[in-house]
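As a plain string of letters, each chain reads:
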Amino acid sequence: MSDTIKSGIAAVKVLEEWGVKHIYGIPGGSINTLMDALLAEKEKISYIQVRHEEVGAMAASMHAKFTGHLGVCFGSAGPGGTHLMNGLYDAREDHMPVLAIIGQFPTTGMNMDAFQEMNENPIYADVSVYNRTVMTAEQLPHVIDEAIRQAYAKKGVAVVQLPVDLGWKDIPAKAFYSSAAAQRKYPNPSMNLADLEAAADILNRSEKTIIFAGIGTRKAGEDVIKLSQKLKAPIAVTAINFDSFPHDYEALLGSANRVATKPANEAFPNAETVVFVGNNYPFAEVTDIFKNVKNFIQIDLNVANLGKRHANDVTILADAGDAVRELTKIVQEKAETAWWRANVNNIKNWRDYVRHLETKTSGDLQLYQVYNAINQHAKTDAIFSVDVGDVTQTSIRHLHMNPQHMWRTSNIFATMGIGLPGAITAKLDFPDRQVWSLSGDGAFQMVMQDLATQVQYKLPIVNVVFANAQYGFIKDEQEDTNTGYLGVEFMDVDYAKIAEAMGAKAYTARKIEDLNGIFDQAENDRAAGFTVLIDAKISVERPIPVEKLVLDPAIHQTEDIKKFILRYEAEGLKPLSEFLEAEGIQPVYKSTELGGF
Ligand code: FAD
């Protein structure tokens, strides 16, 4: 064995020791030492050539969301690096460990105002938890190792700028190592019994409790359901936490606000107690969702988030699963309550409405029937990489999710274009699972060049494009806030033709009756190893705005209710107040005007 090693190769070996399998990016003169090192190590780590660096960074961020492990991407000096930004901000906002390696001019030309040469450090200062320029060849592997440790420990983006000449230099082979084997997770905190007892005391007395479960309850869905059943407390989720629970659990209210379902929005104003568990709901203050709540119990692992969204009556610093299991042991079992029955009936009524839309067999093709086809063809452990826009809202309403599924998107940064890159990494990370990319046409157009990446790497992904030639989510906002529409409609495009030209199997659905045949064929193509695109030409109507329901005769005019029902095909959809009154509960807050943004 040689006594020396190229510094760039040593750096890539550090990545390998941390378990990195894929690295996304586009080469450039200023990052070519990394390319050389990746070539040398190609049996151990796969370089994935994307068509836009943004897609590489989004794939890296989504890799972390799907697997919990570090995502890695790179870009060359100047524009190659700055193209990564949306993906890096996505990772920052969702607290995902991502490493970005940025090319830099050779050290001899640094600080000389040479071509594509600039002080890169400030560019990445805001997005990162660690941001350093490598100064010597010897320190390159060390800086990469440090960056990875920081990305994991601080749950964020680490950026390393690499002057291109340094990676070609020889360094002593024994002088570098990775700290991957030294990593340990913090054990869950031990729980404070007095806090648990205080929570149990409130829960035993409360007649109208909601468990509001955020993604801190992932992997603990069954435990949350046990607590829900014992307390007769329905479960609301944050919009990104639907895949923790079976979609047909009778007391699953769904999510609140706009990417939301009707039962959740209606239940909160009527609730007496909220168990806010593993949850950092970002609409809490701006919608005043908890304004009628009398008791607020928070369970969270992160001390920085304790008491953040509402004043707590009880605070439990604990792992969500641990605390929920402990609470379930000590609370008293309730017999079926009026609150439970009213909510379960309201949920049933909502599900009937949703099912009616999904299973329509006549009329224009609407997004609902497309979801019906997806549900019919989705495997029980399918992975959904979901874009931002109407598709975020409609996916949580219409996909029949369960805890074997994985559903991921751009949660907080909410960048359009995340669906397709997420599907690339999901298929590379879980080659044996069925992977769907679900996007609106607006978001798809931002990244559609990378359908070629899916084809090039023979990734059998089913990409569904909900195409109605509009930015629907924003169009609906303009309907509510603006004097008219501007910039929210665009020219329709034949996405199937584009996909075919890139070598994918492609179909265009225009009618409800097209769907079954097309999805059957798509599934056969996928099983045969082809990338597939389904261009679903759907109608333009607005999905029901559950944050602005007009259904309750106590607060709305009969004419307005009729118009609302007609527009949203909502015959038979009833307000929660009807179910509460039938159970002898006086609705305390009949309006569901919760704001929305
Ligand atoms: P996080 O923000 O990640 O918070 C999780 C919390 O759990 C943190 O406090 C963390 O410390 C804690 N935690 C983590 N692990 C544990 C553990 N093991 N034990 C205990 N605590 C733990 N969401 C909605 O609900 N309604 C909407 O209307 C909505 N609109 C959206 C619109 C768009 C276009 C998009 C893209 C997203 C939208 N979202 C919506 C999602 C929203 O932006 C947030 O991402 C989501 O509400 C946050 O969910 P969370 O609080 O569960 O996750």
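Quick note: structure is the one above.
Not measured: the values here are computed from a predicted model.

Caption draft 1: Quick peek at the site of the ligand. Neighbouring the ligand are 29 residues; Ile215, Thr238, Asn280, Asp300 and Asn411 lie closest to it. Asn305 is positioned with one of its side-chain polar atoms (N or O) 2.8 Å from an oxygen atom of the ligand. Ala320 places a polar main-chain atom, nitrogen or oxygen, 2.8 Å from a nitrogen atom of the ligand. Within the complex, 88% of the 990 Å² of free accessible area of the ligand lies under protein.

Caption draft 2: Representation of unusual backbone geometry in the model. Residues other than glycine seldom take positive phi values, yet Lys155 does so here, at roughly 50°. Note on placement: Lys155 falls in the loop between α6 (140-153) and β7 (157-163). Look at Lys219: it is not a glycine, yet its phi comes out positive at around 75°. Assignment of secondary structure puts Lys219 in the loop between β9 (209-213) and α8 (221-231). Lys219 sits in the exposed class, given a relative accessible area of 87%.

Caption draft 3: Examining helix α11 (residues 320-330) more closely. Burial in α11 covers these residues: Ala320, Gly321, Ala323, Val324, Leu327 and Thr328. The arc enclosing the buried residues of α11, seen along the axis, measures out at 165°, which places them on a common side. For α11, the secondary structure elements touched by its buried residues are α7 (193-205), α8, β12 (273-277), β13 (295-300) and β14 (314-317). Sitting at the amino-terminal end of α11 is Asp319, which places a side-chain oxygen 3.1 Å from the backbone nitrogen of Gly321.

Caption draft 4: Quick peek at the side chain of Lys360. Mapped onto the elements of the fold, Lys360 is located in the loop between α12 (338-358) and α13 (367-377). Judged by relative accessible area, Lys360 falls into the buried class, the value being 18%. A polar atom in the side chain of Lys360 sits 3.0 Å from the side chain of Gln366. Among the polar contacts listed, one links the side chain of Lys360 to the side chain of Glu569, at a separation of 2.6 Å.

Caption draft 5: Structural detail: the sheet that holds strand β5 (residues 98-104). In spatial order, the strands read β3-β2-β4-β5-β7-β6; together these 6 strands make up an open sheet with parallel pairing. Taken across any chain shown, the strands that pair with only one partner, and hence form the sheet edges, are β3 (46-49) and β6 (128-133). Each adjacent strand pair in this sheet contributes to an overall mean axis angle of 20°, direction not counted. One ladder, built from 2 bridges, connects strand β2 (residues 22-25) with strand β4 (residues 71-75); its direction is parallel. Within β4, the residue paired with Tyr24 across the bridge is Cys73. Of the strands in this sheet, β2, β4 and β5 touch helix α3 (residues 53-67), which is tilted by about 165° from β4.

Caption draft 6: A look at the side chain of Gln369. Here Gln369 lies in helix α13. The residues contacting Gln369, other than those within four sequence positions of it, are Leu357, Glu358, Lys360, Asp364, Ile512 and Leu515.

Caption draft 7: Broad picture of the packing of α13 against helix α20 (residues 515-527). One can describe the packing of α13 onto α20 by two numbers: an axis separation of 10 Å at closest approach and a directional angle of 40°. When the axis of α13 is compared with that of α20, the two are oblique. Crossing handedness for the pair α13 and α20: right-handed. Where α13 approaches α20, its residues Gln369, Val370, Ala373, Ile374 and His377 are matched on the opposing element by Leu515, Asn516, Phe519, Asp520 and Glu523. Its residues assigned to classes, the contact of α13 with α20 shows 5 nonpolar, 3 polar and 2 charged.

Caption draft 8: View of the sheet that holds strand β15 (residues 383-386). With parallel pairing, the 6 strands of this open sheet are ordered in space as β16-β15-β17-β18-β20-β19. This sheet does not close on itself; its edge strands, each paired only once, are β16 (406-408) and β19 (505-509). Strand-to-strand, the axes of this sheet are offset by a mean angle of 15°, without reference to chain direction. Pairing of strand β17 (residues 435-440) with strand β18 (residues 461-467) involves 6 bridges; the strand directions are parallel.

Caption draft 9: Main features of the environment of Ile561. Among the secondary structure elements, Ile561 is positioned in helix α21 (residues 558-567). Overall, the relative accessible area of 12% leaves Ile561 in the buried class. Remark: the alpha-carbon pair of Ile561 and Ile544, spanning 17 residues in sequence, is separated by 13 Å. Once residues lying within four places of it in the same chain are set aside, the contact partners of Ile561 are Val550, Leu551, Asp552, Pro553 and His556.

Caption draft 10: Examining the pairing of β4 more closely. Counting buried positions over the 5 residues of β4 gives 5, a clear majority of the element. Residues Gly71, Cys73 and Gly75 point to one face of β4 and Val72 and Phe74 to the other, with burial holding for every one of them. Pairing between β4 and β5: 5 bridges, direction parallel. Note that in β5 the partner of Gly71 across the bridge is Val98.

Caption draft 11: Focus on the packing of aromatic side chains. Throughout the structure, instances matching the rule amount to 18 aromatic pairs. Ring geometry for Phe276 versus Phe296: centroids 5.2 Å apart, planes at 40°, classification tilted. One end of the pair, Phe276, is in strand β12; the other, Phe296, is in strand β13, with 20 residues separating them in the sequence. Each member of the pair, Phe276 as well as Phe296, is classed as buried. Connected via pairs of aromatic rings, a cluster forms that spans Phe212, Phe268, Phe276, Tyr281, Phe283, Phe290 and Phe296.

Rules used in this analysis
- Residues numbered from 1 in each chain as written.
- Predicted model: local features only at pLDDT ≥ 70, side-chain atom pairs only at ≥ 80, totals over all residues.
- Heavy atoms only, no water.
- Near = heavy atom within 4 Å.
- Polar contact = N/O pair within 3.5 Å; in protein donor to acceptor, adjacent residues only side chain to side chain.
- Areas by Shrake-Rupley, 256 points an atom, 1.4 Å probe, with all protein chains shown as cover.
- Helix = DSSP H or I, 4+ residues; strand = E, 2+ residues; numbered from the N terminus.
- Buried < 20%, exposed > 50% of the residue type's maximum accessible area, 1.4 Å probe, protein only.
- Arc of directions from axis to C-beta.
- Contact = heavy atoms within 4.5 Å.
- Pairing = 2+ DSSP bridges.
- Axes fitted to C-alpha atoms, helices over the stretch in contact; angles between N-to-C directions.
- Parallel < 35°, antiparallel > 145°, perpendicular 65-115°, else oblique.
- Left-handed = near helix turned anticlockwise from the far one by under 90°.
- Nonpolar A, V, L, I, M, F, W, Y, C, P; charged D, E, K, R; others polar.
- Phe/Tyr/Trp six-rings, centres within 6.5 Å; stacked < 30°, edge-to-face > 60°.

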